[in-house]
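Listed below are the residues making up each chain.
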Amino acid sequence: MTETPEPKDKLDAEVVASGPEGDAERWRQVDWRRAEADVRRLRQRIFTASKAGDLQRVRRLQKLMLRSRANTLISVRRVTERNAGRLTAGVDGEVVLTPEAKMQLVDRVQNAEPFKAMPVRRVYIPKPGGKRRPLGIPVILDRLHQARVVNALEPEWEARFEPRSYGFRPGRGCQDAIQAVHETAKGKGAKRLWALDADLASAFDLIAHQHILSQIGTFPARGMVRAWLEAGVVEQGRVHRTEDGVPQGGAVSPLLLNVALHGMEKAAGVRYYQTGNSAGKAVMGSPVLIRYADDFVALCHTRRQALEVKAGLASWLAPRSLAFNEDKTRVVTLADGLGRAGARCRRCRRSVSPTRPPNRTCPFLSIRLSTGRAMAGRCH
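Residues numbered from 1 in each chain as written. Predicted model: local features only at pLDDT ≥ 70, side-chain atom pairs only at ≥ 80, totals over all residues. Heavy atoms only, no water.

It is not clear to me how the overall build of the chain should be interpreted in this structure. Could you clarify?
For the chain, the helix and strand inventory stands at 13 helices and eleven strands. A buried classification covers 47% of the 380 residues belonging to the chain. Pairs at least 24 apart in sequence give 68% of the contacts found in the chain among residues at least 6 apart. Counting every atom, the chain has about 20300 Å² of accessible surface; 50% of that belongs to carbon and sulfur. (Helix = DSSP H or I, 4+ residues; strand = E, 2+ residues; numbered from the N terminus. Buried < 20%, exposed > 50% of the residue type's maximum accessible area, 1.4 Å probe, protein only. Contact = heavy atoms within 4.5 Å. Areas by Shrake-Rupley, 256 points an atom, 1.4 Å probe, with all protein chains shown as cover.)

This is the structure we're talking about:
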């Protein structure tokens, strides 16, 4: 009887089996440096195409990003390991903590599991003054899909966003917004000494869905964005429809807010030099608008100009279902001071030297954080 020889190295061959142990091993063997490089490179290509105005190429690259396994891996890692709310469950009560569960989540997305947006779970966090801020907690699968969509949509809009928009953008923060105020208002020759210190009333909760969808246009995942906007909210065991607003707590919500508020500078009458040594600087006589999320400051030459900016922006905000929070919106001089992004900014009214008369306006801008620590640009 002739025996069939066994294949060489059969017992030594590395076999990755499906199941808890095999999935855990696959997760541990992911080359994260390569995955991050792939996603970063594709984001850069989307940004470059958007900057060049090649919308057809942008859409093609976005579809590639939405199919990318590297994007799915990076997004799973973000929502299960890096996000602050990774231990908070949505309405399905599911959290993903183990390596095998993370790998199974990757497989569910890559195997094109039918997508259906789930309602968010409403929770409240306290705010100063006794008020509460509503948050919407999506289920883990929706968080993953939103992180994937952000990687496709964000670079397109980063190529378009206004230069003095700082909230919820990569590589920017509140310190940059404070520095922009300082650069505009410092020095003896500063002309924009009036400010519209403004805040929008419940911007996340009120912004019109149709405006967001019209802004993103033919984005390949437009249907997913619409589904998240209309998914509803579960509060005290009851599902409530959402006819406007984006839920604070989702990965895509801050980006959608920035997309919806894009164009605010133009509506305020801000104009920039396009050529020459002054390219990128505000035109003489033009106001300067500095925005951090739904808070912003418009630095103007006169009180009248500040009031005109406010009136123009009120008309621009109305079709977006937004309005000023009148309790927090005011027109002030920089000598009176303004407070934005956790800082208090004002032009000091004190003597710069013993030879100068008292109460003379100091040519510097004093900036003090809410913690009491002074920043660069303080007097003396």
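What is the right way to look at the nonpolar core in this model?
Nonpolar side chains in soluble globular proteins generally cluster together in the buried interior. Val149, Leu200, Met264, Phe296 and Leu313 are the most contacted members of the largest nonpolar core, which totals 73 residues. If we skip the residues at most four places from it in the chain, Leu313 touches Leu196, Met264, Ala267, Ala268, Leu289, Phe296 and Phe324. Counting 14 residues, the second largest nonpolar core, distinct from the first, contains Tyr166, Ala195, Ala282 and Val332. (Core = buried A, V, L, I, M, F, W, Y, C linked by side-chain atoms within 4.5 Å.)

Help me out: how do you make sense of a nonpolar patch on the surface in this one?
A contiguous nonpolar surface patch, about 280 Å² in accessible area, is contributed by Leu87, Val95 and Leu97. One can find Leu87 in the loop between α4 (69-82) and α5 (99-110). (Patch = residues over 30% accessible without salt bridge, like charges linked within 9 Å, V, L, I, M, F, W, Y side chains within 5 Å. Salt bridge = Lys/Arg side-chain N within 4 Å of Asp/Glu carboxyl O.)

Looking at this structure, I do not really get the pattern of salt bridges. What am I missing?
When the charged atoms of two side chains with opposite charge come close together, those side chains can pair. Under the criterion given, the structure shown has 19 salt bridges. Residues Arg26 and Asp23 are paired through a salt bridge, measuring 2.9 Å at the closest nitrogen-oxygen approach. Residue Arg26 and its partner Asp23 are both found in helix α1 (residues 20-28); the two are separated by three residues, about one turn of the helix. Classification of Asp23 by relative accessible area gives buried; the value is 6%.

Help me understand the sheet that holds strand β1 (residues 120-126), please; the structure alone is not making it clear to me.
Strand pairing within a sheet occurs via backbone hydrogen bonds; the two strands may be parallel or antiparallel. Taken together, the four strands give an open sheet; going across it, the order is β2-β1-β4-β5, and neighbouring strands pair in mixed fashion. For this open sheet the edge positions go to β2 (132-137) and β5 (238-240), each flanked by a neighbour on one side alone. Here the average twist between neighbouring strands, direction ignored, is 40°. In this structure, β1 lies alongside strand β4 (residues 233-235), joined through two bridges in parallel fashion. Its bridge partner being in β4, Val120 is matched across the sheet by Val233. (Pairing = 2+ DSSP bridges. Axes fitted to C-alpha atoms, helices over the stretch in contact; angles between N-to-C directions.)

Would you explain the packing of aromatic side chains in this entry?
The geometry of an aromatic ring pair is captured by two quantities: the separation of the ring centres and the angle between the planes. This structure, assessed with the given rule, holds five aromatic pairs. With a centroid separation of 5.9 Å and 35° between ring planes, the pair formed by Trp157 and Phe161 is classed as tilted. For the pair Trp157 and Phe161, a shared accessibility class is recorded, and that class is buried. Pairing Phe296 with Phe324 gives two aromatic rings, centres 6.1 Å apart and planes at 50°, and the pair type is tilted. Of the two residues, Phe296 is situated in strand β7 (residues 295-300) and Phe324 in the loop between α13 (303-317) and β8 (330-333); the sequence distance between them amounts to 28 residues. (Phe/Tyr/Trp six-rings, centres within 6.5 Å; stacked < 30°, edge-to-face > 60°.)

Got a minute to help me understand the sheet that holds strand β6 (residues 288-292) in this structure?
What the four strands build is an open sheet, ordered β6-β7-β3-β8; its pairing is antiparallel. Each edge of the open sheet carries a strand with a single partner, namely β6 and β8. Each strand of the sheet is rotated relative to its neighbour by a mean of 20°, with strand direction disregarded. For strand β3 (residues 194-199) and β8, the ladder comprises four bridges, and the chain directions are antiparallel. Following the sheet pairing, Asp197 is matched in β8 by Arg330. Helix α7 (residues 174-185) rests against β6 and β7 of the sheet, and its axis sits at about 165° to β6.

What is the right way to read the pairing of β3 from this model?
Consecutive residues of a regular strand have side chains that alternate between opposite faces of the sheet. Among the six residues that make up β3, five are buried, leaving the element largely enclosed by the rest of the structure. Bridge count for β3 against β7 is six bridges, and the pairing is antiparallel. Across the sheet, the residue bridging to Asp199 is Asp295, located in β7.

Which parts of the structure should I look at to understand the side chain of Ser75?
In this fold, Ser75 is placed in helix α4. Of the polar contacts made by the side chain of Ser75, one reaches the backbone nitrogen of Arg148; its length is 3.4 Å. Excluding residues within four positions of it along the chain, Ser75 makes contact with Leu144, Ala147, Arg148 and Asn151. (Polar contact = N/O pair within 3.5 Å; in protein donor to acceptor, adjacent residues only side chain to side chain.)

These figures capture arrangement, not role.
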